[in-house]
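# A closer look at the structure
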Amino acid sequence: MIVSKKILVFVESGENAIKPFAFEAIHAARILADALGGSVDALCLGIEKSLADSLVHWGADSVKIFVNPLFETITLEKALLSIEPLVNEQKPYAVFFSATTYGKELSASLSAKLNVGLLTDCVSIDLGKQGEVLVRRPVYAGKAISHVTLQGSGPHILSLRQNVFRGPSPDISRIGKVKLIDFKIPDDRLVLKIREVVRESGGQMDVTEARVVVSGGLGMQKPENFILLEDLAQVLRGAVGASRPVVDNGWRNYSNQIGQTGRTVQPDLYIACGISGSVQHLAGMSAAKCIIAINKDPNAPIFSVADYGIIGDALEILPLLTEEFRKVLGSSG
Amino acid sequence: MRIIVCVKQVIDTAARIELKDQKLDGTALARVLNPYDEFAIEEALRIRESKHDTEIVLVSLGAECFRDSLRAGLAMGADRAVHLMDPLFNNIDSLTTAYLLSQAAKLLGFDIIFCGRQAVDDDMAQIGPALAVYLEIPCITVVTQLDFLEDWDVAVAVRQIEGGTETIESSLPALFTCQKGLNQPRLPSLKGIMAAKKKEIETFDADKLGFSLKEKPSSNETLIHTGLSLPDRRGEGKIIGGSPNEVATQLVKILREQEKVV
Ligand SMILES: Cc1cc2nc3c(=O)[nH]c(=O)nc-3n(C[C@H](O)[C@H](O)[C@H](O)COP(=O)(O)OP(=O)(O)OC[C@H]3O[C@@H](n4cnc5c(N)ncnc54)[C@H](O)[C@@H]3O)c2cc1C
C-alpha cells in the first residue's frame, strides 16, 4: 500500500536559471502523481521567486525555495544538507532528480543517508495493473533494460534520464504555492568549495540535453572536417558528438564522446557520420528516436540500427544536407 | 599517505548481451576490470610517483572472479589488494556493498579514496557517493583533473558537468570518482604482471568487517527487480539512394514530414 503520494522533485538550477531538464522531472512527477492521486512538490535552492512560476506551469503543486547567501554556489554538501531533512519530514513516496552529474551524486548520497534504494537514469515510470509503480532503466550502457517494481511506502529515489520525459508544453493557467524559506546551513560542516565554473566554448549545448546530435567518427578524416558537423548542428540547434577514437586523437573534447565509456544520449535525431557502429558506440545512442547513418561502407554495423541510411561520402553529403535544412527551416521560421 | 582504490570486475564492453528467462546469461562472456577503475588506479600510481611514501590498496567486493581485477590492478603497480568475500555477501544490494567497503576502508585507514565514475554493468553510479556518506568524507564525482596543494592536504579537482566543467576544492580525506580524461592508464609491464602473481591477495570476511545480515542497510525489499529485457528492436532501416543532392533533399523531406523530428 502506498501511504504518502507526494512526489518531491529536486530542481537543478545555476546562474539564476532553472535547468531545462528540471521541467522534465516535474512533468514526469506530475504524470505519476496524477496516476496515484498525489501531489508534486518542488525544492529549489537560492533561485529568485519569479522563476518558480514556470515549475508550477509544468506541474508542481507547491514550490519551496530555500534561501541562504551560501546558495550562490551549490555543492553536493549544501544540497544534501538541504534535502535530507525535508525528505525526513515530508516522507514523500518518491524523490525525483535529473540524471545529471549533480543529480546522480546527490541522489546516490541521499540514498545512503536514508538507507533507501536508488534507481539511476530511469527511462520510464508507469503504473502496473495492480496500481504498483514500474520503473525501467538501461543497464550495460543500454544493451539491456532493467525492470524494477517499487515496493512499500518509500521514499524511493529516482534520477531521470534527460530528454526522455519531455512534456508537450507548460500550462500557464496552473496555480500553485510558492514559498521562500530561510534555510540555515551549518557552514562549519562545509568542506567543498567551488572555485570556478567554465562553460564550454561557443555556448554549445551539452550532448545529453540536445534534441539533435550530429556525430562524427574516424570517417570524418581529420579534425578540420568537424566544422561540417558544427554547421549542421547549428542549423538544427543541436550538439556535436563523436566516437571514441576521435576523442582519443584529440579532435574533440571528451564531453563529446558518445558510447559505453562516454555519454549516453537519447535525442530525437541522431546523425552518425563516418561512424562504423561498434557495440560500444551503439550502446550510447541506440535509444535515439530517429537514427540516420552516413557511411561509405554498406556493411557498416551502424546501418543495423539506422532508421535511414545513406551509403556515401559524409564529407560530400553533409554540406548539401546543411544547405537543404537551412532552406526549409529558414523559410518556416 | 594511503590511497584506497575500489575496483570491480565487469562484463567486457565489446560483449553482446543475451538474455535467458529475463536474466543475463553471462557465464560465457569475457570479463575485464571496469574501464573507469583503470583511471582510478592510474591516478593513484601518479600520486605515488610524486609522493613516494604512498601506499596504494585495491579493494574489491565480489565473487571469486573479482580477484582477476585485483590482479590487474596489482600488475599496474598497486601495493596491496584486499578482497571482501563471504557467502553472506551474495545478493547484497549496492548500498550494502558501499557499507562493506566503508567498513574495510575504516580498518585500512586512508587519505584518499578513488572509485570509477560508475561500473559499466549496472550503471548506477551509487557506490562512490554512498561510500563517502558512510565514511562522512567529502565526495567529488566525474573528475577529469586532480591536483594537490603543496602539503598534500587540499585537493583541487576539475570535473565534468553538463555543458562545461567545474573546479572544486576539498580538504583530505576525500573520495573522488574518476572519469575518462583524468589520465592515460598504463598497460601493465611484464615485470608488473610477474610481481602481481606473487603478491598475496588479502581476504576480509563478514566477521572481520563486523557484518551480520541483520544490520545491513538494504533496498532489496523496496526495489523488486523483476528482470531484464532487450531494448526494442528497431524496425528495418531504409536506404536512401540517389545522387548526393537527391539524397539530401529526400532526407530532409522525410525528417520534416514523416518523422517530424526537425
Ligand atoms: C573498453 C572500450 C570502451 C569503448 N568505448 C567506446 C565509446 O564509448 N564510444 C565509442 O564510440 N567507441 C568506444 N570504443 C571503441 C569502439 O570499439 C570502436 O573502436 C569505435 O567506436 C570506432 O570508432 P569509429 O566508428 O569512429 O571508427 P571506425 O571503426 O574506424 O569507423 C570509421 C567508419 O567511417 C567510415 N568512413 C570512412 N570514410 C568515410 C567517409 N568519407 N564518409 C562516410 N563514411 C566514411 C568507414 O566505412 C567506417 O565505417 C570502446 C572500446 C573499448 C575497448
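Note that the structure is predicted; figures quoted are calculated from it, not measured.

Here the focus is the overall build of chain A. A tally of helices and strands in chain A yields 8 helices and 18 strands. Compactness check: chain A gives a C-alpha radius of gyration of 21 Å against a globular reference of 20 Å for 333 residues, within 12% of the reference. Taking the principal axes of the C-alpha coordinates as reference, chain A spans close to 60 × 45 × 40 Å. Among the 333 residues that make up chain A, the fraction classed as buried is 61%. Excluding contacts between residues fewer than 6 apart, the proportion of contacts in chain A whose partners are at least 24 apart in sequence is 64%. For chain A, the exposed area adds up to about 13000 Å²; of that, 50% sits on carbon and sulfur atoms. Each charge class in chain A was averaged separately, 34 positive and 35 negative side chains, and the resulting centres sit 5 Å apart.

Quick look at the pairing of strand β9 (residues 133-139) of chain A now. Residues and elements named next belong to chain A. Where burial is concerned, most of β9 is hidden: 5 out of the 7 residues are buried. As paired strands, strand β8 (residues 124-127) and β9 are joined by 4 bridges and run antiparallel to one another. When the sheet's bridge partners are listed, Leu127 is paired in β9 with Val133. Two successive antiparallel strands, β9 and strand β10 (residues 144-150), enclose a turn made up of 4 residues, where Tyr140 displays a positive phi of approximately 50°.

Let's shift gears to the nonpolar core. A:Phe96, B:Leu84, B:Ile113, B:Phe114 and B:Phe176 are the most contacted members of the largest nonpolar core, which has 180 residues in total. Those residues in contact with B:Ile113 that lie beyond four places of it in its chain are B:Ile4, B:Cys6, B:Ala105, B:Leu131, B:Leu135, B:Ile137, B:Ala174, B:Leu175 and B:Phe176. In terms of nonpolar packing, the next biggest core, distinct from the first, is built from 19 residues, A:Val207, A:Ala210, A:Ala288 and A:Phe303 among them.

Residues and elements named next belong to chain B. In this fold, Arg80 is placed in strand β7 (residues 80-84). Assessed through its relative accessible area of 23%, Arg80 is described here as partly exposed. Measuring from C-alpha to C-alpha, the distance between Arg80 and Val32 comes to 19 Å, with 48 residues separating the pair along the chain. With sequence-adjacent residues up to four places away left out, Arg80 is seen in contact with Arg2, Glu55, Ile56, Val57, Leu58, Leu74, Leu108 and Glu202.

Let us look at the pairing of strand β7 (residues 118-122) of chain A. Residue and element names in this part refer to chain A. Of all 5 residues that make up β7, 5 are buried, and the element is covered over most of its length. Pairing of β7 with strand β11 (residues 156-160), which is carried by 3 bridges, proceeds in the parallel orientation. Among the inter-strand pairings, Leu118 is bridged to a residue of β11, identified as Ile157.

Following the criterion strictly, the structure yields 11 aromatic pairs over all chains and no others. Pairing A:Phe71 with A:Phe183 gives two aromatic rings, centres 6.5 Å apart and planes at 25°, and the pair type is stacked. Here the residue A:Phe71 occupies a position in the loop between β5 (62-67) and α3 (76-90), and A:Phe183 occupies one in the loop between β12 (177-182) and β13 (193-199), the gap between them amounting to 112 residues. Here the two residues A:Phe71 and A:Phe183 agree in accessibility, since each one is buried. Judged by centre distance (6.2 Å) and plane angle (70°), the rings of A:Phe226 and A:Trp251 are edge-to-face. Here A:Phe226 is found in helix α5 (residues 226-235), whereas its partner A:Trp251 is found in the loop between α6 (244-248) and β16 (269-273), with 25 residues between them in sequence. An aromatic cluster is built from B:Phe89, B:Tyr99, B:Tyr134 and B:Phe211, whose rings are joined through pairwise contacts.

Time to look at the sheet that holds strand β1 (residues 2-6) of chain B. Hydrogen bonds between backbone atoms are what pair the strands of a sheet, whose relative direction is either parallel or antiparallel. What the 10 strands build is an open sheet, ordered β13(A)-β11(B)-β10(B)-β9(B)-β12(B)-β8(B)-β1(B)-β6(B)-β7(B)-β13(B); its pairing is mixed. Strands at the two margins of the open sheet, each flanked by one partner only, are β13 of chain A together with β13 (202-204) of chain B. On average, adjacent strands in this sheet sit at an angle of 35° to one another, irrespective of strand direction. Bridge count between β1(B) and strand β8 (residues 112-116) of chain B: 3 bridges; the pairing is parallel. Looking at β8(B), one finds that B:Ile3 is bridged to B:Ile112.

Put simply, helix α4 (residues 101-114) of chain A and helix α4 (residues 127-135) of chain B touch, their axes get as near as 8 Å, and they point 45° apart. When the axes of α4(A) and α4(B) are compared, the pair comes out oblique. In this structure, the crossing between α4(A) and α4(B) has a hand that is right-handed. Contacts between α4(A) and α4(B) pair A:Glu105, A:Ala108, A:Ser109, A:Ala112 and A:Lys113 from the former with B:Pro129, B:Ala130, B:Val133 and B:Tyr134 from the latter. Of the residues contributing to the contact of α4(A) with α4(B), the split by class is 6 nonpolar, 1 polar and 2 charged.

All names here are of chain A. Taken domain by domain, chain A comprises domain 1 (6-189) and domain 2 (212-329). Using C-alpha coordinates to define each centre, domain 1 is positioned 32 Å away from domain 2. Contacts between the two partners involve 9 residues from domain 1, matched on the other side by 9 residues from domain 2. A buried area of about 710 Å², summed over both sides, lies between domain 1 and domain 2, and 44% of it is on carbon and sulfur atoms. Its largest share of buried area at the contact with domain 2, domain 1 owes to Ala141, Lys143 and Arg161, together 60% of the area lost on that side. Across the domain 1-domain 2 interface, the total number found is 1 salt bridge. One salt bridge in this structure joins Asp268 and Arg166, with 2.7 Å as the shortest N-O distance. Inspection of the region where domain 1 meets domain 2 yields 3 residue pairs in polar contact (both at pLDDT 80 or more). In the side of domain 1 that touches domain 2, the residues fall into 4 nonpolar, 2 polar and 3 charged.

Calculation notes
Residues numbered from 1 in each chain as written. Chains lettered and ligands numbered in written order. Predicted model: local features only at pLDDT ≥ 70, side-chain atom pairs only at ≥ 80, totals over all residues. Heavy atoms only, no water. Helix = DSSP H or I, 4+ residues; strand = E, 2+ residues; numbered from the N terminus. Rg over C-alpha atoms; globule rule 2.2 N^0.38 Å. Buried < 20%, exposed > 50% of the residue type's maximum accessible area, 1.4 Å probe, protein only. Contact = heavy atoms within 4.5 Å. Areas by Shrake-Rupley, 256 points an atom, 1.4 Å probe, with all protein chains shown as cover. Lys, Arg positive; Asp, Glu negative; His and termini not counted. Charge placed at Lys NZ, Arg CZ, Asp CG, Glu CD. Pairing = 2+ DSSP bridges. Core = buried A, V, L, I, M, F, W, Y, C linked by side-chain atoms within 4.5 Å. Phe/Tyr/Trp six-rings, centres within 6.5 Å; stacked < 30°, edge-to-face > 60°. Axes fitted to C-alpha atoms, helices over the stretch in contact; angles between N-to-C directions. Parallel < 35°, antiparallel > 145°, perpendicular 65-115°, else oblique. Left-handed = near helix turned anticlockwise from the far one by under 90°. Nonpolar A, V, L, I, M, F, W, Y, C, P; charged D, E, K, R; others polar. Domains from an automatic or database assignment. Buried area = accessible area lost by both parts, 1.4 Å probe. Salt bridge = Lys/Arg side-chain N within 4 Å of Asp/Glu carboxyl O. Polar contact = N/O pair within 3.5 Å; in protein donor to acceptor, adjacent residues only side chain to side chain.

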